[in-house]
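# Commentary on secondary and tertiary structure
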Amino acid sequence: MNELKKIQLMYVLPNLFTAASAFTGVVSIISSINGQYSKAILYVFLSLIFDGLDGRVARLTKTTSKFGVEFDSLADLVAFGVAPSILFYLAIGYQFGKFGALISAIFVVFGAIRLARFNVTTGTYEPNVFIGLPIPTAAIVSVVWVGFYIEYDFLKGFELVFMFFKAILGMLMVSNIRYPSFKKINLKQMHVLRTLIGLVVTFSMLYLYPLESSMVITSAYVLYGLARAGIMYSKNLKKESK
């Protein structure tokens, strides 16, 4: 009987983290509505942490389930689709009326498509890549850009550029561009000293300049996928021309 309770508890644990991710996503939306944009950004980051924990806990305890997968997708849509879009619209998009609402809504719709495609294609391609920009990454990039816009006055007047970037993020989610996945990192093949130094430097910069460092890291990830796709496309063109 005790063993049965332990098994049931193991199945509850990862779903509890998923629920926490959805909860902080809703709180982020409420914070945005109240004009507390910094808190809204923080809650999206908390959602990211909880979202990362639920999958890892499920794999460690071997309690991955179809219910958990579906629940995770619904939570992701709230935390990484709706929450960042509400923040973006209230901070920037409202200045463009219906067009701003459209861009914000498209991000959510494309995010839902991205999640649905991920669920039905998992296991059909190499595990070390994502096909299309993952919705948590797109959400973090979006909220960091909004934070950057709020923090620096010289960006006022570039709202249309941010609208363009938001639309690009949405399209990248449903694209076929490959992005690296860090879920299947082979620790045995990693150079421990270099990795440690890199992590120390990264966390030091995040500590000193959290917003600016997050901006650089997340934007670099997005640009890496675009640059890699461009290089592969040019190589394919050269092969076809020979």
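Residues numbered from 1 in each chain as written. Predicted model: local features only at pLDDT ≥ 70, side-chain atom pairs only at ≥ 80, totals over all residues. Heavy atoms only, no water.

Per an unreviewed UniProt entry, the chain goes by the name CDP-diacylglycerol--serine O-phosphatidyltransferase and belongs to Campylobacter pinnipediorum subsp. caledonicus. Its UniProt record, at the heading Catalytic activity (unreviewed entry), says of the chain: "a CDP-1,2-diacyl-sn-glycerol + L-serine = a 1,2-diacyl-sn-glycero-3-phospho-L-serine + CMP + H(+)". (UniProt positions renumbered as here; feature names shortened; annotations may be inferred.)

### Observations regarding the packing of aromatic side chains
Tallied over the entire structure, the rule returns 8 aromatic pairs. On the numbers, 5.3 Å between centres and 70 degrees between planes, the contact of Tyr-149 with Phe-162 is edge-to-face. Of this pair, Tyr-149 sits in helix α5 (residues 135-151) while Phe-162 sits in helix α6 (residues 159-173); the two residues are 13 residues apart in sequence, bridging distant segments of the chain. Comparing Tyr-149 with Phe-162 shows no difference in burial state: the two are buried. Ring pairing ties together the aromatic residues Trp-145, Phe-164 and Phe-165, which thus form one cluster. Residue placement shows Lys-156 over the ring face of Tyr-149; its charged tip is 4.5 Å from the ring centre. (Phe/Tyr/Trp six-rings, centres within 6.5 Å; stacked < 30°, edge-to-face > 60°. Helix = DSSP H or I, 4+ residues; strand = E, 2+ residues; numbered from the N terminus. Buried < 20%, exposed > 50% of the residue type's maximum accessible area, 1.4 Å probe, protein only. Lys NZ or Arg CZ within 6 Å of the ring centre and 35° of its normal.)

### With respect to the packing of helix α3 (residues 66-91) against helix α4 (residues 98-121)
What describes two packed helices is the angle between their axes and the distance between those same axes. As a packed pair, α3 and α4 sit with axes 9 Å apart at the nearest point and diverge in direction by 160 degrees. Of the possible angle classes, the one that applies to α3 and α4 is roughly antiparallel. Pair α3 / α4 crosses with right-handed handedness. Counting all contacts with α3, which are made through Val-69, Glu-70, Ser-73, Asp-76, Leu-77, Phe-80, Gly-81, Val-82, Pro-84, Ser-85, Phe-88 and Tyr-89, the residues of α4 involved are Gly-100, Ala-101, Ser-104, Phe-107, Val-108, Gly-111, Ala-112, Leu-115 and Asn-119. Residues belonging to the contact of α3 with α4 are distributed by class as follows: 12 nonpolar, 7 polar and 2 charged. (Axes fitted to C-alpha atoms, helices over the stretch in contact; angles between N-to-C directions. Parallel < 35°, antiparallel > 145°, perpendicular 65-115°, else oblique. Left-handed = near helix turned anticlockwise from the far one by under 90°. Contact = heavy atoms within 4.5 Å. Nonpolar A, V, L, I, M, F, W, Y, C, P; charged D, E, K, R; others polar.)

### A closer look at the confidence of the model for the chain
For any part of a model where pLDDT is low, the fine detail of the predicted coordinates should not be relied upon. Per-residue confidence for the chain gives a mean pLDDT of 85; residues scoring 70 or more make up 85%. Per-element confidence in the chain is highest for α6, whose mean pLDDT is 95, and lowest for helix α7 (residues 192-208), whose mean pLDDT is 79. (pLDDT = per-residue confidence, 0-100.)

### What about the layout of surface pockets?
In this structure, the second largest pocket encloses a volume near 310 Å³. Contributing elements (two or more residues each) for the lining of the second largest pocket: α2 (37-60), α5 and α8 (210-241). If you tally residues by element for the lining of the second largest pocket, the top one is α2, at 5 residues. Among the residues making up the lining of the second largest pocket, the classes are represented as 8 nonpolar, 3 polar and 1 charged. (1 Å grid on protein atoms, 1.4 Å probe; cavity = no way out; pocket = protein on both sides within 12 Å on 5 of 7 lines; lining within 4 Å. Points joined across faces, edges and corners; volume = space filled by probe spheres on them.)

### Here we look at the packing of α5 against α6
With their axes 10 Å apart at the nearest point, α5 and α6 run at an angle of 175 degrees to one another. One element, α5, and the other, α6, form an angle in the roughly antiparallel class. Together, Ile-135, Ala-138, Val-141, Ser-142, Trp-145 and Tyr-149 of α5 and Glu-159, Phe-162, Phe-165, Lys-166, Leu-169 and Met-173 of α6 make up the contact between the two elements. Each residue belonging to the contact of α5 with α6 can be placed in one class, and the counts come to 9 nonpolar, 1 polar and 2 charged.

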